[in-house]
Amino acid sequence: MLDFFTIFSKGGLVLWCFQGVRGPAAACTAPVNALIRSVLLQERGGSNSFNHEALTLKYKLDNQFELVFVVGFQKILTLTYVDKLIDDVHKEFRDKYRNEFQQKGALGLLNGTFDFKEDFLRLLRDAEESSKARAPTAMKSFEQSAKSQKTVKSMIENRGEKPKEKTKNKKSKGSKKEGESVLQYASSRPSTAAVKQDPPVAAGDREELTKDEILQKNREEFFRKHMKGGEKSNKSPKPDTQKDKGKKPRVWELGNSNAKVLDYSNSTTNGNTDTCPMEEYDPEMVRSPVLGDRNREPGRLRDLEYESEEEAEEEKVVQNSSGASAKKGGLGGMFGMLKGLVGSKSLSREDMDPVLEKMKDHLIAKNVAAEIAVQLCESVATKLEGKVMGTFTTVTSTVKQALQESLVQILQPQRRVDVLRSVMEAQRHRRPYVITFCGVNGVGKSTNLAKISFWLIENGFSVLIAACDTFRAGAVEQLRTHTRRLNALHPPENHSGRTMVQLYEKGYGKDAAGIAMEAISYARNQGFDVVLVDTAGRMQDNAPLMTALAKLIAVNTPDLVLFVGEALVGNEAVDQLVKFNKALADHSMAQTPRLIDGIVLTKFDTIDDKVGAAISMTYITSKPIVFVGTGQTYCDLRSLNAKAVVAALMKA
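Within any chain, residue numbers begin from 1 and follow the written order of that chain's sequence. Note on the predicted model: pLDDT of at least 70 is required for a residue's local features to be given, and 80 or more for side-chain atom pairs to be given and counted; whole-chain, interface and lining totals, by contrast, use all residues. To get the side-chain values, all heavy atoms of the structure are used, and hydrogens and water are removed first.

Under an unreviewed UniProt entry, the name given to the protein chain is SRP receptor subunit alpha, and the source organism is Podarcis muralis. UniProt positions are given in the numbering used here, feature names are shortened, and annotations may be inferred rather than shown by experiment. The annotation that UniProt attaches to the protein chain under Sequence similarities (unreviewed entry) is "Belongs to the GTP-binding SRP family." The UniProt entry for the protein chain carries this comment under Subcellular location (unreviewed entry): "Endoplasmic reticulum membrane".

Written out as structure tokens, the structure is:
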């Protein structure tokens, strides 16, 4: 039984609505609004179903008249006729009010009255009856099966004989070995040997030949074809040149004969081996390897940039050269340009399939997960199917533009995380703002935590780092080194005697959730603005460690949970995020479990234009990428520029 069926325009105007369950008229409002927010506005139309609480919603888009058809029913019900019903209603409604839409346009939607109840009930009745009319498929009897057609003789296997399929496979494998033996045979024979050519065998004689004779004849033909190549290779043999071996082992003698060789204290400057003079202490020279860019603005998080000016100039040169060649092409170039144009017609799946297939392969090559690439192309096809094209518009350019718009929309999810604003809000309530970092092993959680600490300090906030990675050897020492460097860059005397960064650690082998709780309490008492909780790296399949992480988040309720992931991963990104979210939901005892709030994408400087991991992660979680790590210094932290990432992704 259906809960509701509604038809509305993409502008938000409800044209007609049917309620199958008694209740307030606004019962379908919340599910439909959730569908619009989470699917239609976020360009996630790859699937035609959406779950909201206890309801399942199925929808269909009409891109020609900008209409949306939505049906809702209980999730526990299995209604097989829903897909047929929504297709029939879509066709009937379009055909009935086509003239009104075409003549009046938007005014037709505002002033029109749509009396569609009787037609809908008739279509619903037909769909229900058609689903009942289908009889369950009966099991075949033995007489109807293929096994009953076999004779007893065909099923008897004698000793030594093998099934036909296996012998065929072995024959194909054996042919390779025979080919190799023939080549060896050809090389062993003298090159002056004359080859006698047998007369061609008639079709009737060939049938009378035995298997051994056919095999021998095939060998002779193979040898005849490859004999000339073997003679040429024998005439010009290349002398074997002995290559010098690699490194020679160093001889260690008692007299220290290699002492001068091992003395690396002298450095080469301008080709001369002179001793390097001791430089005077320059604080700027000490700061530069840690901070990187000297011309930076303190506290500002710059946008991610992709194309340099040199690359843009190179592209201009290529475009100019291609333009010149097009002018030379004459009429051929003109007809080639007009060949792909579409003249005011509606797009169909057949038109888009070749272009979408190329787009899918392109996205996968750019490191987008294969599953996500398929869903993106399906979403674009759903969005464009039935849409009327302009006169001078190609299918490729239309599909590419629609995909580009979808990708930009995906990289700008519903919730925007503004860390500085949230920290100031927490300051007004006199409590620390808590950020927890989680992720798999070796993605750079501690390093990017130090970068975010430096960014927060430059914006005037004091930071307490909680060392909750009590498992990995050297984790606490790594954070201690970062704390010492950050304090050297921002000493207390520059901040009115206030320590801007401090490490809270209890060593190894302790309970991480307990350490985080103590660190938050200590930060509240000491007046720290932000607490950054570093956790141990864990694989998404490790159930005990995932339980410990869920406990840490459930007990301490941080303000922000950031998943740290590499930009190098492809399909693995989907698996990591899905399982991290699932583990946090399963192991949480709260009614509304706490999941990942945002993403930190690391090692972005190592991937060139293969930026697909950003798309995969945001598509799976619907959460924003808050920070992007682009290097090894404290200043190599960026905010995501969606248009730059999409431009790099779409670049051929």
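Next comes the rest of the description.
Caption draft 1: Representation of the overall build of the protein chain within the structure. If you tally the helices and strands in the protein chain, you get 22 helices and 17 strands. Burial statistics for the protein chain: of 652 residues in total, 38% are counted as buried. Residue pairs at least 24 apart in sequence account for 74% of intrachain contacts in the protein chain once pairs closer than 6 positions are excluded. Here, Shrake-Rupley sampling with a 1.4 Å probe gives the accessible areas, and only protein chains in the shown set may cover a residue. Carbon and sulfur atoms make up 52% of the accessible area of the protein chain, which totals about 40400 Å². Helix numbering and strand numbering both begin at the N terminus, where a helix is a DSSP run of H or I of at least 4 residues and a strand a DSSP run of E of at least 2. Throughout, exposure labels follow a simple rule: accessible area from a 1.4 Å probe, protein chains only, divided by the maximum for the residue type, with under 20% read as buried, over 50% as exposed, and the rest as partly exposed. Note on contacts: a residue pair is in contact if any heavy atoms of the two residues lie within 4.5 Å.

Caption draft 2: Expanded view of the nonpolar core. Among the buried residues, those of types Ala, Val, Leu, Ile, Met, Phe, Trp, Tyr and Cys that are joined through side-chain atoms within 4.5 Å form a nonpolar core. The biggest cluster of nonpolar side chains holds 114 residues, and the ones touching the most others in it are Leu376, Val399, Val419, Ile435, Leu456 and Phe627. Source of the domain bounds: an automatic or database domain assignment. In terms of domain composition, this core takes at least three residues from each of domain 2 (346–411) and domain 3 (419–643). Setting aside anything within four residues of it in sequence, one finds isoleucine 435 in contact with Val419, Val530, Val531, Leu532, Val533, Leu560 and Leu562.

Caption draft 3: Summary view of the sheet that holds strand E14 (residues 560–566). With mixed pairing, 8 strands are arranged side by side in an open sheet as E12-E11-E13-E10-E14-E15-E16-E17. Only two strands of the sheet have a single partner each, and these edge strands are strand E12 (501–504) and strand E17 (637–638). For two strands to pair, DSSP has to find at least two bridges joining them. Relative to E17, strand E16 (residues 625–629) runs antiparallel, the two being bridged by 2 bridges. From the neighbouring strand, valine 628 faces E17, where its bridge partner is arginine 638. Across the sheet, helix H15 (residues 419–428) touches strand E10 (433–438), strand E13 (530–534), E14 and E16, and the angle it forms with E10 is around 135 degrees. Each axis is a line fitted through C-alpha atoms, taken for helices only over the stretch in contact, and angles between the N-to-C directions span 0 to 180 degrees. Most of the contacts of helix H17 (residues 475–489) go to E12, to which it runs at about 165 degrees, and overall it touches strand E11 (463–467), E12 and E13.

Caption draft 4: Representation of unusual backbone geometry. With phi around 55 degrees, glutamate 53 is a residue other than glycine that occupies positive phi space. Structurally, glutamate 53 is set in the loop between strand E3 (49–52) and strand E4 (55–62). Take glutamate 53: its relative accessible area is 67%, and that puts it in the exposed class. The phi angle at aspartate 608 is positive, at roughly 60 degrees, despite the residue not being glycine. Following the sequence through the fold, aspartate 608 ends up in the loop between strand E15 (598–602) and helix H21 (612–621).

Caption draft 5: Up close: the sheet that holds strand E1 (residues 2–9). Taken together, the 5 strands give an open sheet; going across it, the order is E2-E1-E5-E4-E3, and neighbouring strands pair in antiparallel fashion. Only two strands of the sheet have a single partner each, and these edge strands are strand E2 (14–19) and E3. Taking the axes of each pair of neighbouring strands and ignoring which way they run, one obtains an average angle of 15 degrees across the sheet.

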